[in-house]
Amino acid sequence: MSVKEQFIENVKEGKVLTHKCTSCGLLHLSNVYYCEKCGSKGFEDSILAGVGSIATYTIITVAPAGFEKYTPYAFVILQLDDTNLRISGFMSGITTPADLPVGTRAKIVDFDERGIIIEKQ
Amino acid sequence: MEKVCVLGAGSTKYGKLADSIGDITTQASVAAIDSAGIDPKDIKAAYISNVFGVADKQVHLGPVLMSNLGISDKPSLSIESACGSGSVAFREAFANVAAGFYDCLIVSGVEKVTHTGTDWTTTYFAYCSDFFYEGQAGASFPGLFASMARAYLTEFDATEEDFAKVAVKNHQNGLLNPKAHLQKSITIDDVMNSAVVASPLKLYDCCPFSDGASSVVLCSEKFAKAHGGDYVEVIGSGRGGSPAALQGREHMTTIPSTKIAAKAAYDMAGITARDIDFAEVHDCFTIAEVVDTEDLGFFAKGQGIQAIREDRTKLNSDISINPSGGLKSKGHPIGATGVGQVVEVFDQLTGKAGARTVKDAKIGLTHNFGATGASCAVHIFQSV
């Protein structure tokens, strides 16, 4: 299974496959092959809970092709708990900013044709 | 390193154009050649910036342009760097003249997309994001900049009405630009009452999808002096990069590539942000102009919004930002935009900008990025 496939399988279980630098300890999403900080190629897998708080988001009403049937929906950026990592995804059921204040607790729940699916916790 | 000069510049009108992508590229190129007062046979090579040629059934545009200019034996190269393609093509041309490989080049940027309709244009543009994390999850470009706007509203003392003022200002400037796509005066209420595209951004916070082409002739100082006529000198050139996806940025209210490119350009020119008389910046959305003016060093972080509120960036105020009308009003044919900014600077510094002239301007800056600023180039120009 490719790294991307492993990443998706983890997302489907609400988890995030990350690469932890064996030299300096910095966490990266698993698509990264060299450490952003120290340049090392040595990584070990670290599987995190896909849980955190909303760092920022938007509610999309004019959608790209294929997403018209989902509008309005939110595109969110989730700050994962206790890490330097953020991850983006699709969130349904959001119609006004009052539905999703920045800082709202949320979690990764699935992966489908809408990419990474995130829900309020 | 050879000194590099812009000897001529031309653009089509920006907007919904009927002619083909090859035709409008040629029209802008002919305008630039005529402006430079050169013979096409003086041109040694062409740099073409374009993103979605496939949408108008024409990729490999270079040879089409060169054939139309009667110089089919001359080499050309197409460059894609999303909405920042134009400034990257300009940079590559600059580097080649500076290195002495060529003494005279043409840089032509073009986009032709409006015939595909809003849904498909939105979709094509989303391919410029880090698609696995962003486009695939339904993020449009308005949506990505709206995410930056939401972060800015959360972090700083800013309101949606403040963002609206950016659009009002740029539309005022665009009214004075006969080539502008949206020549229409608007009010803050017009912006606030326009349809929401991606909260908190509304339709009038967004630049339009535009067709258009822009072209400049770039040459060595020796070539410029030998040919006579007006020219401006390129005194600074810088490029930079940022994490491809917004999620990878340490701060979501700043664009790292802008800061890196600006520092390189200021260092090459031996000047600072305070020396800039006017700037054409990448205002694809109102939030972007606010962030740009901070990242370029014109205002401190979080103070760009205060500058807008106090009208400090209007035409002929503290620093004229986007005298052309910017992407917001002049329009955003994405492959052409970065070259079109140089056209505006050339016109400003050679006395051809008419009613929108920045008074007593000697030094102008262009700032153009790709996607959400994943790539960026900054150039600085000085009148001669």
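Residues numbered from 1 in each chain as written. Chains lettered and ligands numbered in written order. Predicted model: local features only at pLDDT ≥ 70, side-chain atom pairs only at ≥ 80, totals over all residues.

Asker: Explain the overall build of chain A to me, please; I cannot follow it from the model alone.
Answerer: Helix and strand content of chain A: one helix and eight strands. Start at the N end of chain A and walk to the C end: the helices and strands fall as α-β-β-β-β-β-β-β-β. With the principal axes as the frame, chain A shows a C-alpha extent of 45 × 30 × 20 Å. Within the span of chain A, comprising 121 residues, buried residues form 37% of the whole. Contacts in chain A between residues at least 24 apart in sequence constitute 46% of all its contacts with a sequence separation of at least 6. (Helix = DSSP H or I, 4+ residues; strand = E, 2+ residues; numbered from the N terminus. Buried ≥ 20, exposed ≤ 12 C-beta atoms within 10 Å, placed from the backbone. Contact = placed C-beta atoms within 7 Å.)

Asker: How should the environment of B:Q341 be read in this particular structure?
Answerer: All names here are of chain B. Take Q341: it is sitting in helix α13 (residues 334-349). Along the sequence, Q341 and A269 sit 72 residues apart, while their C-alpha atoms lie 18 Å from each other. Each residue touching Q341, except ones within four places of it in the same chain, is listed here: E280, T366 and N368.

Asker: Please explain the domain arrangement of chain A as it appears in this structure.
Answerer: Interfaces are often sized by the amount of accessible area the parts lose when they come together. Residue and element names in this part refer to chain A. Per the domain assignment, the segments making up chain A are domain 1 (1-49) and domain 2 (50-121). Spacing between the C-alpha centres of domain 1 and domain 2 amounts to 21 Å. Across the boundary between the two partners, domain 1 contributes 11 residues, which contact 13 residues of domain 2. Of all the elements in the fold, those that place two or more residues in the side of domain 1 that touches domain 2 are α1 (3-12), β1 (15-21), β2 (27-29) and β3 (43-49). Here the residues of the side of domain 1 that touches domain 2 are counted per class, giving seven nonpolar, two polar and two charged. (Domains from an automatic or database assignment. Nonpolar A, V, L, I, M, F, W, Y, C, P; charged D, E, K, R; others polar.)

Asker: Honestly, the packing of helix α5 (residues 141-155) of chain B against helix α10 (residues 286-295) of chain B in this entry has me stumped. Any pointers?
Answerer: Helix-helix packing is characterised by the crossing angle of the two axes and by the distance between the axes. Residue and element names in this part refer to chain B. α10 packs onto α5 with a crossing angle of 60° between their chain directions and a minimal axis gap of 9 Å. By the angle between their directions, the pair α5 and α10 is classed as oblique. Considering how the two elements wind past one another, α5 and α10 form a crossing that is left-handed. Of α10, the residues touching α5 (which contributes F145, M148, A149 and Y152) are I287, A288, V290 and V291. Grouping the constituent residues of the contact of α5 with α10 by class yields eight nonpolar, no polar and no charged. (Axes fitted to C-alpha atoms, helices over the stretch in contact; angles between N-to-C directions. Parallel < 35°, antiparallel > 145°, perpendicular 65-115°, else oblique. Left-handed = near helix turned anticlockwise from the far one by under 90°.)

Asker: I'm lost on the interface of chain A and chain B in this one. Help?
Answerer: The partner chain B presents 28 residues to the 26 residues of chain A that form the contact. Listing elements by their share of the side of chain A that touches chain B, those giving two or more residues are β4 (51-60), β5 (73-80), β6 (86-91) and β8 (115-120) of chain A. Among the elements that take part in the side of chain A that touches chain B, β4(A) stands out by supplying six residues, more than any other. Each residue belonging to the side of chain A that touches chain B can be placed in one class, and the counts come to 18 nonpolar, six polar and two charged.

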